[in-house]
Amino acid sequence: MECVFGLVGNGFAIVAADTSAVHSILLHKNNEDKIMVLDSHKLIAASGEPGDRVQFTEYVQKNVSLYQFRNGLPLTTSAAANFTRGELATALRKNPYSVNILMAGYDKEAGASLYYIDYIATLHKVDKGAFGYGSYFSLSTMDRHYRSDMTVEEAIELVDKCILEIRSRLVIAPPNFVIKIVDKDGAREYGWRLSVNDVTTAAV
Amino acid sequence: MKLDTSGFETSVPTIGFGSSSDMLDELSSVPSFDLPHTKEFDGFQKKAVDMLKHAKGTTTLAFIFKGGVMVAADSRASMGGYISSQSVKKIIEINPYMLGTMAGGAADCQFWHRNLGIKCRLHELANKRRISVSGASKLLANMLYSYRGMGLSVGTMIAGWDETGPGLYYVDNEGGRLKGDRFSVGSGSPYAYGVLDSGYKYEMSVEEASELARRSIYHATFRDGASGGVASVYHVGPEGWTKLSGDDVGELHYHYYPVPPAIAEQVMEEATTE
């Protein structure tokens, strides 16, 4: 039921993820942020089993930080993606992690890039990608309307189209989504798309 | 159906596993493997994993409001259809300012909460300051994550008050950890959510919040067969936790829904013996 998707535009990459924490039929939380800021110019959007998702992405994040401390240079997006895939592959036949990852990043030389890494350690550099049941609706929508030189506004329109499609067609559609963007100015939250507002005052 | 594996058992190896006569010198090292005692080779692994996914027959809840954290739970322990106890303590006192709730395996929850209490105390001694609720729940989540897939059954909420104010985290045996304002765990949790969500306001007073917690547990025990016994309510404030009430849910039922006295239309007279 977890919907994660993303695309690359002109000098930026955008990822969107649903924000529901689900346990069988119960929705424990509808504002759980599943897109982790890996470092200043990288994002990881992850979907999968709750323990694995947090533990594995934090593991990747700490190792990326460690590399930067040791070498004084940040990893490129491609290197981080390959490291992540390597960790998934090593664990695969012993103690596999059930996490699907979309890694988005911006490097000065390579520009914006998006990597599709699934739970059996497949790695692809892509222009657009999606995971979960929502992918059935978002992939075709993105295939139809995507162009490689989209501006941020056009890309957000496309993301909203996908969210609308997921909301109207997926039988148990997640109520809320979060959108994050990474470009030359860094990785940051772009916005939320809420259809169910929680009663409490503060979003945790 | 037990498979006949006698062909695999040899006391004197005549043919080694892929090697020749030097195996005779090493009598004890014939590689062999046990076949699983099952008819279905394809599905038994998944079934074994599913067997370990115990249903958590209980109702526990906790929520943050203006006055702190309210924690409540029922007290029934069931083994399938048998009620083994109506007086289980499902709210575990980790230390004077942190509480944990128990759902799932009683032994697992009690042990790991006690273990967490030890780790929290060690943290205090090593760092000369109390551990935060976030830190304590992360310690527990990491411990449970390292045992994932091994059949632990723990669905717990860690509630406490630290320097940042009230804190509430949900931690389960799959290693998931969620920060939130309202949680309910157990087989009766959907029923409890129904009452909790509709009656919740952040600005409640302590009395209103404890009444909401008690009512939610009562309604869950009414509908869920695996929950019952006594509804305990605890409050965690800036000074630590206090137990507010412990009411038998049977009595609560008649308190909330009293039976009006029946109007007798005709009274039968006692037959007199003569």
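Residues numbered from 1 in each chain as written. Chains lettered and ligands numbered in written order. Predicted model: local features only at pLDDT ≥ 70, side-chain atom pairs only at ≥ 80, totals over all residues. Heavy atoms only, no water.

1. With respect to the overall build of chain B
Then, number 1: Broken down by element type, chain B carries six helices and 12 strands.
Then, number 2: Looking at chain B as a whole, 43% of its 274 residues are labelled buried.
Then, number 3: The long-range fraction of contacts in chain B, counting pairs at least 24 apart against all pairs at least 6 apart in sequence, stands at 61%.
Then, number 4: Total accessible area computed for chain B in this model is approximately 15,700 Å², and 56% of it derives from carbon and sulfur atoms. (Helix = DSSP H or I, 4+ residues; strand = E, 2+ residues; numbered from the N terminus. Buried < 20%, exposed > 50% of the residue type's maximum accessible area, 1.4 Å probe, protein only. Contact = heavy atoms within 4.5 Å. Areas by Shrake-Rupley, 256 points an atom, 1.4 Å probe, with all protein chains shown as cover.)

2. So, the side chain of E124(B)
Then, number 1: Along the polypeptide, E124(B) turns up in helix α2 (residues 106-127).
Then, number 2: Those residues in contact with E124(B), other than ones at most four positions away along the chain, are Y97(B), R129(B), R130(B) and I131(B).

3. A few points about the packing of aromatic side chains
Then, number 1: According to the stated counting rule, one finds 12 aromatic pairs over all chains in the structure shown.
Then, number 2: Taking 6.5 Å as the distance between ring centres and 40 degrees as the angle between the ring planes, the aromatic pair formed by F56(A) and Y59(A) counts as tilted. Of the two residues, F56(A) and Y59(A) both sit in helix α1 (residues 50-71), three residues apart, roughly one turn of that helix.
Then, number 3: When its relative accessible area of 0% is taken as the criterion, F56(A) is described as buried.
Then, number 4: Classification of Y59(A) as partly exposed rests on a relative accessible area of 35%.
Then, number 5: With 6.1 Å between their ring centres and 35 degrees between their planes, Y218(B) and F222(B) make a pair best called tilted. In this pair, Y218(B) and F222(B) both sit in helix α5 (residues 206-223), four residues apart, roughly one turn of the helix.
Then, number 6: An aromatic cluster of at least three residues, connected via ring pairs, comprises Y218(B), F222(B), Y256(B) and Y257(B).
Then, number 7: Positioned above the aromatic ring of Y97(B), the side-chain terminus of R130(B) is 4.0 Å from the ring centre.
Then, number 8: If you follow R215(B) out to its NZ or CZ, it ends over the ring of Y256(B), 3.9 Å from the centre. (Phe/Tyr/Trp six-rings, centres within 6.5 Å; stacked < 30°, edge-to-face > 60°. Lys NZ or Arg CZ within 6 Å of the ring centre and 35° of its normal.)

4. With respect to the pattern of salt bridges
Residue and element names in this part refer to chain A.
Then, number 1: Using the criterion set out here, one finds 21 salt bridges over all chains in the structure.
Then, number 2: The shortest N-O distance in the salt bridge between D33 and K180 comes to 2.8 Å. Residue D33 is located in the loop between β4 (26-29) and β5 (35-39), and its partner K180 is located in strand β11 (residues 177-183); the two are separated by 147 residues in the primary sequence.
Then, number 3: Assessed through its relative accessible area of 6%, K180 is described here as buried.
Then, number 4: Where K184 meets D185, a salt bridge forms, and the shortest distance between an N and an O atom there is 3.8 Å.
Then, number 5: Connected through shared salt-bridge partners, E2, D18 and K34 make up one network. (Salt bridge = Lys/Arg side-chain N within 4 Å of Asp/Glu carboxyl O.)

5. A closer look at helix α3 (residues 133-146) of chain B
Then, number 1: The end-to-end C-alpha separation of α3(B) is 20 Å, in line with the 20 Å expected for 14 residues at 1.5 Å each.
Then, number 2: Residues of α3(B) that are buried include every one of V133(B), A136(B), S137(B), K138(B), L140(B), A141(B), M143(B), L144(B) and Y145(B), and no others.
Then, number 3: Buried residues in α3(B) make contact with α1 of chain A together with β6 (98-101), α2, β7 (155-162), β8 (165-172) and β9 (177-179) of chain B. (Expected span 1.5 Å × (residues − 1).)

6. Regarding the packing of α1(A) against helix α2 (residues 77-92) of chain A
Residue and element names in this part refer to chain A.
Then, number 1: Two elements in contact, α1 and α2, have axes separated by 11 Å at closest approach and are oriented at 130 degrees. In terms of orientation, α1 lies oblique with respect to α2. Crossing of α1 against α2: the hand is right-handed. Across from F56, Y59, V60, N63 and V64 in α1, the residues of α2 making contact are A80, F83, T84, E87 and L88.
Then, number 2: In terms of residue class, the contact of α1 with α2 is made up of seven nonpolar, two polar and one charged. (Axes fitted to C-alpha atoms, helices over the stretch in contact; angles between N-to-C directions. Parallel < 35°, antiparallel > 145°, perpendicular 65-115°, else oblique. Left-handed = near helix turned anticlockwise from the far one by under 90°. Nonpolar A, V, L, I, M, F, W, Y, C, P; charged D, E, K, R; others polar.)

7. Re the state of the cysteines
A disulfide bridge is the covalent bond that connects two cysteines by way of their sulfur atoms.
Residue and element names in this part refer to chain B.
Then, number 1: Summed over all chains, the structure comprises zero disulfides over all chains.
Then, number 2: Looking at C109, it has no disulfide partner, and the nearest cysteine sulfur is the one in C120, 16 Å off.
Then, number 3: A relative accessible area of 1% means that C120 is categorised as buried. (Disulfide = S-S within 2.5 Å.)

8. Let's talk about the confidence of the model for chain B
Then, number 1: Across chain B, the average pLDDT comes to 86, with 86% of residues at 70 or higher.
Then, number 2: Two summary scores accompany this predicted model of the complex, namely pTM at 0.81 and ipTM at 0.82. (pLDDT = per-residue confidence, 0-100.)

9. Quick word on α2(A)
Residues and elements named next belong to chain A.
Then, number 1: Its 16 residues give α2 an end-to-end C-alpha distance of 22 Å, which sits within 8% of 22 Å, the value for a rise of 1.5 Å per residue.
Then, number 2: All buried positions along α2 are accounted for by T77, A80, A81, T84, L88 and A91. Here the buried residues of α2 occupy an arc of 100 degrees about the axis, which is enough to place them on one side.
Then, number 3: Looking at the buried residues of α2, the elements they touch are β5, β6 (42-48), α1, β7 (99-107), β8 (111-117) and β9 (123-126). (Arc of directions from axis to C-beta.)

10. A closer look at the sheet that holds strand β10 (residues 128-131) of chain A
All names here are of chain A.
Then, number 1: The strand order across the open sheet formed by five strands is β10-β1-β2-β11-β12, and the pairing between neighbours is antiparallel. In this open sheet, the two strands that pair with only one neighbour each are β10 and β12 (186-193). Between one strand axis and the next, the sheet turns through 15 degrees on average, direction left out of account.
Then, number 2: Pairing analysis gives four bridges linking strand β1 (residues 4-8) to β10, with the strands arranged antiparallel. Bridging across to β10, V4 finds its partner in F131.
Then, number 3: This element, helix α3 (residues 135-145), spans β1 and β10 of the sheet and lies at about 170 degrees to β10. (Pairing = 2+ DSSP bridges.)

11. Focus: the environment of D33(A)
All names here are of chain A.
Then, number 1: A residue is classified by how much of its surface remains accessible, and D33, at 32% relative accessible area, is partly exposed.
Then, number 2: Those residues in contact with D33 that lie beyond four places of it in its chain are R53, V178, K180 and E189.
Then, number 3: A distance of 3.1 Å separates a polar atom in the side chain of D33 from the backbone nitrogen of I35.
Then, number 4: Here the side chain of D33 touches K180 through a polar contact of 2.8 Å, side chain to side chain. (Polar contact = N/O pair within 3.5 Å; in protein donor to acceptor, adjacent residues only side chain to side chain.)

12. Structural notes on the packing of α2(B) against α3(B)
All names here are of chain B.
Then, number 1: The interhelical angle for the contact between α2 and α3, taken along N-to-C directions, is 130 degrees, at an axis separation of 10 Å. In terms of their interaxial angle, α2 and α3 are classed as oblique. With respect to the hand of their crossing, α2 and α3 are arranged in right-handed fashion. On α3, the residues touching W112, N115, L116, K119 and C120 of α2 are A136, L139, L140, M143 and L144.
Then, number 2: Tallied by class, the residues present in the contact of α2 with α3 amount to eight nonpolar, one polar and one charged.

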